[in-house]
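# Residue-level structure breakdown
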Amino acid sequence: MIELVDFWAIKLTSPVHRLAAGPKFVAAGLILFGIIVSRDLVFLLATFFLLNGVVLLAGLPWVRVLVPAFYPAVLLVPLLIAQGAASPLGTLLMVGKAVDAALTMLALITITPYPVLFSALRRVAPGLLVDLLFLAYRSFFILLGVARDVLTALRLRGGLGARPWGRWLASVGQGISLIIVRGIDLSEDFGRVLRLRGYRGRLAAGGTEWRLGPPELAGLLLGLGTAVFGAEHLLGGGLGAYNGYWLILGAVLFLVPGTLRLFRKGGWVRWS
Amino acid sequence: MSHIHLPDGILPLWLVIAGWAVTAVLLGATLWYLRRNPEELARRVARLGVVAAIMMVGMSLEVVPIAYHFNLSVLAGILLGPAAGFLAAFVVVFILALFGHGGITVVGLNTLVIGSEVVLGSLLFRAFGRLVGNRPFWQAFLTTVAALAVSTTLMVAIIGVAQINPAEQAPRAVIAFKNPFEAGLFRVEVFTEEPREAEAEGLDLPTFAAVVYTLGAVGWILEGALTGVIVRYLSQVRPDLLPARRVAP
């Protein structure tokens, strides 16, 4: 799935993809804030529907984005075992936060090309650190291609089906070693290119777009609303009388245009 | 199993901020160290970026029967050294958080845990070289198992310090969910339950530690064996990539 993220972020041209990057980051930050501080399952459920709406509206393959969002919930297992049955609602809350937060980040990275994402970080992080993020991310996708070739070669030669485990591990280890050697060769070439270009700790990068049209304002309002409802208990219970029925209904209605778009384009999983 | 696989919003705010603060100081120091030699900067940055990418490739390869993925963090420490290795740990943890693997707010704490594997990997590899002599597989295996055991302990310690109490976080029905049209017809108040007396107890840390160490030990051995195979291969094909191993007399 990871190798497809790049493709989805760059090639798709949905209304969500066309939003200016700056407001998109702010909206994602606000949604994340709401999820982190929330202590309300109704709110977390509504946010889940809302984020699904964003994914569908962006024309992303819904199932393939949703599955990794549940991965952090699986990783909570040791903690949930230790907790036992002491607080089932607390457990649900932890799982809800895990899934919603992961889905927020996945939605952001699948609708924003990574050069834009990392160049925005230059405002808050040292340039050298951002360069490292950029290089690692780019190299990852290059090495993933090398890894795919090596794995195919191993599979064709029967190395991955080898038993006992010792032989399997040796095959995989040698495959990864080969990827490392190829990667180091790549880094040496790349180092020479950087030196030739007079690299002094800062790669050239474009700025972050901060256009603020009606679509961006809508996105920001959505983020702000999520943050306010999430932080309700911190705001002195001003929304305490509010009925979550409307919140869920609103989020489900938000799903409608995305779902229609999905069916118009050919079903749940468009890319196998 | 040494990662902090905790999502956002679970750990107390002071701990999250403390994690970011310590990580920021260490990152500042390592960046300064990296910049000391401008002539070497380009080569080091390229090497660091690629080794971080190799760690991510390792993490994307899953051992199917037990749903375990390799870290290669100790290997990164061996290849890069402690300072650059710590930077690589941050880069990997940050990018993984973008993919929803670990919370974005716990990147600071996660970096400290993975960074401890990298730093220990670099330091212990030399120490075990003196102990086992010119046997790269065992040198790397022992280094990896020891480093992962320490980092797992660090993770358990962080969870212990956090004193997570799920009952405290239990929903308080801030926003109720009930039929707005027919108040008496059906009222869905599944989320309005107040915490019971029994729920006031915090997380059972010994049980958590037992689960993590039991699952972790399998992972340490697998990771140790894999790192051993890789280091043995590299010592034959590209020995220049490994720090000079001192052979016992």
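## Some points on the nonpolar core
Of all hydrophobic cores here, the largest spans 133 residues; its most connected members are Phe118, Tyr137 and Ile180 of chain A together with Phe94, Ile95 and Leu234 of chain B. For this core, the element with the highest residue contribution is helix 9 (residues 127-156) of chain A, accounting for 16 residues. Non-local contacts of Tyr137 of chain A, meaning those with residues more than four positions away in its chain, are made with Val5, Asp6, Ile109, Tyr114 and Phe118 of chain A together with Ile95 and Phe99 of chain B. Grouped together as the second largest cluster of nonpolar side chains are 23 residues, Leu79 and Ala82 of chain A together with Leu6 and Val106 of chain B included.

## Some points on empty space enclosed by the protein
Under the definition given, this model contains 5 cavities of 30 Å³ or more. In this model, the second largest cavity occupies a volume close to 60 Å³. Lining the second largest cavity are Pro72, Ala98, Ala101, Ala102 and Met105 of chain A together with Pro7, Asp8, Ala97, Gly100, Gly102, Gly103 and Ile104 of chain B. The greatest single-element share of the lining of the second largest cavity, amounting to 4 residues, is contributed by helix 7 (residues 88-111) of chain A. Of the residues that constitute the lining of the second largest cavity, the class distribution is 8 nonpolar, 3 polar and 1 charged.

## Considerations on the packing of aromatic side chains
Tallied over the full model, the rule gives 14 aromatic pairs over all chains. Note on Phe48 of chain A and Phe49 of chain A: the rings are 6.3 Å apart at their centroids and 55° apart in plane angle, and the pair reads as tilted. A residue is classified by how much of its surface remains accessible, and Phe48 of chain A, at 18% relative accessible area, is buried. Ring centres of Trp138 of chain B and Phe141 of chain B lie 5.5 Å apart, and the angle between their planes is 80°; this geometry places the pair in the edge-to-face category. On the criterion of helical spacing, the pair formed by Trp138 of chain B and Phe141 of chain B is a turn pair, its members being 3 residues apart in helix 6 (residues 136-162). Aromatic rings pair up to connect Tyr114, Phe118, Phe134, Tyr137, Phe140 and Phe141 of chain A together with Phe99 of chain B into one cluster.

## Some remarks on the layout of surface pockets
Estimated volume of the largest pocket: approximately 1100 Å³. Lining the largest pocket we find 43 residues, and of these Leu32 and Ile36 of chain A together with Trp20, Ile104 and Thr105 of chain B sit closest to its centre. Contributing elements (two or more residues each) for the lining of the largest pocket: helix 2 (21-37), helix 7, helix 8 (114-121) and helix 9 of chain A together with helix 1 (13-35), helix 4 (82-98) and helix 7 (166-169) of chain B. Here the lining of the largest pocket gets 7 residues from one element, more than from any other, and that element is helix 2 of chain A. A per-class count over the lining of the largest pocket returns 32 nonpolar, 6 polar and 5 charged.

## Quick notes on the confidence of the model for chain B
All names here are of chain B. When the pLDDT values of chain B are averaged, the result is 81; 78% of them are 70 or greater. Low confidence marks residues 184-188, where pLDDT is under 50. Its contacts with residues over four positions away, or in another chain, come to 4 contacts. Interface scoring of the predicted complex returns ipTM 0.86; its pTM is 0.86.

## Brief notes about the interface of chain A and chain B
Taken together, the contacts link 86 residues of chain A with 87 residues of chain B. Linking chain A with chain B are 3 salt bridges, by the criterion used here. A salt bridge links Glu188 of chain A to Arg238 of chain B; the nearest nitrogen and oxygen atoms lie 3.1 Å apart. At the surface where chain A touches chain B, the tally comes to 3 residue pairs in polar contact (both at pLDDT 80 or more). The dominant element in the side of chain A that touches chain B, judged by the number of residues it contributes, is helix 10 (residues 165-196) of chain A, at 22 residues. Each residue belonging to the side of chain A that touches chain B can be placed in one class, and the counts come to 63 nonpolar, 15 polar and 8 charged.

Criteria and thresholds
- Here the residue numbering is sequential within each chain, running from 1 through the sequence in written order.
- The lettering of chains begins at A and the numbering of ligands begins at 1, in the order of writing.
- Only residues with pLDDT of at least 70 get local features here, since the model is predicted, and only at 80 or more are side-chain atom pairs given and counted; chain-wide, interface and lining totals rely on the full set of residues.
- The side-chain values count all of the structure's non-hydrogen atoms but skip hydrogen atoms and water molecules.
- Among buried residues, the Ala, Val, Leu, Ile, Met, Phe, Trp, Tyr and Cys ones that are joined through side-chain atoms within 4.5 Å form a nonpolar core.
- Only protein chains enter the accessibility calculation, which uses a 1.4 Å probe. A residue is then buried if its area is under 20% of the maximum for its type, exposed if over 50%, and partly exposed in between.
- Per the convention used, a helix needs a DSSP run of H or I reaching at least four residues, while a strand needs a run of E reaching at least two, with both numbered from the N terminus.
- Working rule for contacts: check all heavy atoms of both residues, and any pair within 4.5 Å makes them a contact.
- Buriedness of a pocket was judged along seven lines, with at least five required to meet protein on both sides within 12 Å; pockets are open sets of points on a 1 Å grid over the protein atoms alone, cavities are sets where a 1.4 Å probe fits but cannot get out, and lining residues have an atom within 4 Å of a point.
- Grid points are joined across faces, edges and corners, and a volume is the space filled by probe spheres set on the points.
- Under the scheme applied, nonpolar residues are Ala, Val, Leu, Ile, Met, Phe, Trp, Tyr, Cys and Pro; charged residues are Asp, Glu, Lys and Arg; polar residues are all the others, including Gly.
- What counts as a ring pair is set by centres within 6.5 Å for rings of Phe, Tyr and Trp (its six-membered ring), and what kind of pair is set by the plane angle: stacked under 30 degrees, edge-to-face over 60, tilted for all other angles.
- A residue's pLDDT is the predictor's confidence in that residue, given on a scale from 0 to 100.
- In what follows, salt bridge is the name for a side-chain nitrogen of Lys or Arg lying within 4 Å of a carboxyl oxygen of Asp or Glu.
- Polar contact is defined as a pair of N or O atoms within 3.5 Å, subject to the rule that within protein one atom must be able to donate a hydrogen and the other to accept it, and that residues adjacent in sequence are counted only when both atoms are side-chain atoms.

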